[in-house]
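Okay, here's what each chain looks like letter by letter:
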Amino acid sequence: MTTSSMRVRAHALCVCAVILLQCIASQTIDEAVENLSDRLQSLFCDGLSIGGARCENGTSGHGIQDFVDSLSSSFASDIDDASVIAEQVISDLDSVLNTRASFLTSMVEALKSSCETYGDADLSDVESISDVEALQFAGNVERDAILPSDMAYSTVYGQEVSTSSSVYRLPNDVDFSDANVQRDIQISALMDSTILGLRDDNCYDADGNDLYCTMYFGSINGVFRIFPASENAQTDAGAYRSYDPRFRPWYVSAASGQKDVIILMDTSGSMREEKRMELAKEAVKSVLRTLGESSYVSVIAFNSVVQLSCFEYELVPATQRNVAELISFVDGLFANGGTNFEAPFTAAFDILDNGARSCQTSILFLTDGEADDVSDLITARNNVDINAVIFSYTLGSGANPTVPEKVAELTDGIYTHIEDGDSSLAT
């Protein structure tokens, strides 16, 4: 198997903290590659049993390969050896993963070094760092693109690119004049020497022709740097499209890692007022869309009683299909009835008791009502194995903050009040 393309996704959250390091702290890249290789070997020998006698402790007559060999007299003598092919697939995959791992490690180390070197420095005094106004930029609705002079159409990438430089993008709603944004732009520009070194070592075939080889990362402030340099995509009307890396699955997964999230959404009758129900729905759907597939999630609607999705008392992976089901469930909710806090929290801890998947558990609690104190219930159920953090949100003028604020403080969470008409909860 040959490798004709290589995509490298390095997700760096700068301003002197490389959050990506947290994602690989618990298991090194080499361990992850070795683990996958072992799993493939196990599948080859033990799962599908295609290796037969070629596997360790293999015996004649065991496996697909031995079955094929038993029919050799009826077919041509040059039957392909399935075990050799499978072993080559394992070897090629191992090589590709190790190459990608080396890309990721090099970029993270370079960014970490830059952050440590220039952490709180006045970048205007650093000779090696270019003025932010002059750095190559892909363009957005506020500022025109500043592109490398060697931009040319590439049949490999299917557009005009420069393979001698990276370029940064900025979402349309992010303020270029913000000091943190400008620092991310300038420090990330120092990555070019590392990026070009990786290109020289890995992005050409044996004849010296370009291979498809992209490298990119995003910052916590919305800066997105990508190699090779290219102009930002435009609408039919000629306006630059907005791309915010912080809302992409690859960024969310790298920034937050695996977590369990249970969302408690108030659907009592008062939620009809001041469009609170619409606001809550959009907020819940926004949270669902930002979860990575390594996370697990459940949604519980409540008024006087609880209403569960089709997944019932189960935490499910936040895959596209499952998220779509949960969004459909949320869209179908309507406001009526009273308010009961005990029922949804009991259901939430029942779910966590049966299926907590990670060491990072959050409960998002949205309500506009008032009900009995549930702090005793939470203290009793939120044991060390669950250790959930509660983020409470009260909506509108009629909400009583006492219980939501208390349960958030009880779990070292955060309490936030959202006034009627304030759409910030959904953004």
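Residues numbered from 1 in each chain as written. Predicted model: local features only at pLDDT ≥ 70, side-chain atom pairs only at ≥ 80, totals over all residues. Heavy atoms only, no water.

K.L.:
Please set out the packing of helix α8 (residues 276-290) against helix α9 (residues 320-331) residue by residue, giving values where relevant.
P.N.:
The contact between α8 and α9 brings their axes to 10 Å, and the two run at 175°. The angle between α8 and α9 falls in the class roughly antiparallel. Facing α8, whose interface residues are Lys281, Val284, Lys285, Leu288 and Arg289, α9 presents Val323, Leu326, Ile327, Val330 and Asp331. By residue class, the composition of the contact of α8 with α9 is six nonpolar, no polar and four charged. (Axes fitted to C-alpha atoms, helices over the stretch in contact; angles between N-to-C directions. Helix = DSSP H or I, 4+ residues; strand = E, 2+ residues; numbered from the N terminus. Parallel < 35°, antiparallel > 145°, perpendicular 65-115°, else oblique. Contact = heavy atoms within 4.5 Å. Nonpolar A, V, L, I, M, F, W, Y, C, P; charged D, E, K, R; others polar.)

K.L.:
Could you give me a rundown of the side chain of Asp192, with the residues and numbers involved?
P.N.:
Within the secondary structure, Asp192 is located in helix α6 (residues 192-202). Despite its burial, Asp192 remains without a salt bridge, the nearest opposite charge being carried by Arg225 at 4.6 Å. The residues touching Asp192, leaving out its near neighbours within four places in the chain, are Ser165 and Ser166. (Buried < 20%, exposed > 50% of the residue type's maximum accessible area, 1.4 Å probe, protein only. Lys, Arg positive; Asp, Glu negative; His and termini not counted. Salt bridge = Lys/Arg side-chain N within 4 Å of Asp/Glu carboxyl O.)

K.L.:
Tell me about empty space enclosed by the protein, and name the residues and values.
P.N.:
By the definition in use, this model includes two cavities of 30 Å³ or more. In this structure, the second largest cavity is lined by Tyr157, Thr163, Arg199, Cys203, Asp210, Leu211 and Phe227. Residue composition of the lining of the second largest cavity, grouped by class: four nonpolar, one polar and two charged. (1 Å grid on protein atoms, 1.4 Å probe; cavity = no way out; pocket = protein on both sides within 12 Å on 5 of 7 lines; lining within 4 Å. Points joined across faces, edges and corners; volume = space filled by probe spheres on them.)

K.L.:
Summarise the environment of Asn180; cite the residues concerned and give the values.
P.N.:
Structurally, Asn180 is set in helix α5 (residues 179-189). Expressed as a C-alpha distance, the spacing of Asn180 and Ile220, which sit 40 residues apart in the sequence, is 9.5 Å.

K.L.:
Quick one: what's the story with the state of the cysteines, residue by residue and with numbers?
P.N.:
What we call a disulfide is simply a covalent bond connecting the sulfur atoms of a pair of cysteines. One pass over the full model with this rule turns up one disulfide. Residue Cys203 pairs covalently with Cys213 via a disulfide, S to S 2.0 Å. Here Cys203, found in the loop between α6 and β5 (212-218), pairs with Cys213, found in strand β5; they are ten residues apart in sequence, far enough to count as distant. Cys213 shares its class with Cys203; the two are buried. (Disulfide = S-S within 2.5 Å.)

K.L.:
Account for the pairing of β5, with residues named and values stated.
P.N.:
Along β5, six of the seven residues are buried, which leaves the element largely enclosed by surrounding structure. The hairpin turn running from β5 into strand β6 (residues 224-227), its antiparallel successor, is five residues long, and Gly222 in that turn takes a positive phi close to 100°. (Pairing = 2+ DSSP bridges.)

K.L.:
Residue-level account of the pattern of salt bridges, with values.
P.N.:
A side chain of one charge can pair with a side chain of the opposite charge if their charged atoms are brought near each other. All told, the structure shown has ten salt bridges when counted by the stated rule. Residues Glu273 and Arg276 are paired through a salt bridge, measuring 3.7 Å at the closest nitrogen-oxygen approach. The exposure class of Glu273 is partly exposed, given its relative accessible area of 44%. For Arg276, a relative accessible area of 4% puts it in the buried group. One salt bridge in this structure joins Asp368 and Arg276, with 2.9 Å as the shortest N-O distance. You can see Asp368 sitting in the loop between β11 (361-367) and α11 (375-381) and its partner Arg276 sitting in helix α8, a full 92 residues away along the chain. Each member of the pair, Asp368 as well as Arg276, carries the same accessibility label: buried. Among the charged side chains, a network of salt bridges with common partners joins Glu273, Arg276, Asp368 and Asp420.

K.L.:
Describe the nonpolar core, with residues and values.
P.N.:
In this structure, Ile263, Met265, Val284, Leu288, Val297, Val299 and Leu366 are the most contacted members of the largest nonpolar core, which totals 28 residues. Contributing elements (two or more residues each) for this core: β7 (260-266), α8, β8 (296-302), α9 and β11. If one sorts the elements of this core by residue count, α8 sits on top with six residues. The residues contacting Val284, other than those within four sequence positions of it, are Ile263, Met265, Val330 and Leu366. Of all hydrophobic cores here, the second largest spans 24 residues; its members include Leu264, Ile300, Ala347 and Ile378. (Core = buried A, V, L, I, M, F, W, Y, C linked by side-chain atoms within 4.5 Å.)

K.L.:
Please give an account of the pairing of strand β12 (residues 389-395) that cites residues and values.
P.N.:
Bridge count between β11 and β12: six bridges; the pairing is parallel. Bridged to Ser362 within β12 is Val389. At this point the chain moves from β11, through α11, to the parallel β12, and the crossover so formed is right-handed. Here β12 runs beside strand β13 (residues 414-418); their pairing, made up of five bridges, is parallel. Looking across to β13, one finds that Ser392 is bridged to Tyr415. Handedness of the crossover is the feature at issue here: the chain leaves β12, passes through helix α12 (residues 402-410), returns alongside β13, and the resulting connection is right-handed. (Right-handed = clockwise from strand over helix to strand, strands pointing away.)

K.L.:
Give me the side chain of Ser188: which residues, what numbers.
P.N.:
Secondary-structure assignment places Ser188 in helix α5. You can call Ser188 buried: its relative accessible area is 3%. Apart from residues no more than four positions distant in its own chain, Ser188 is found in contact with Phe217, Val223 and Arg225.

K.L.:
How would you explain the environment of Ile378 if you had to name every residue and give the values?
P.N.:
When you line up the elements, Ile378 lands in helix α11. Residue classification places Ile378 among the buried residues on the basis of a relative accessible area of 1%. Here the alpha-carbon distance between Ile378 and Phe349, two residues 29 residues apart in the chain, equals 8.4 Å.

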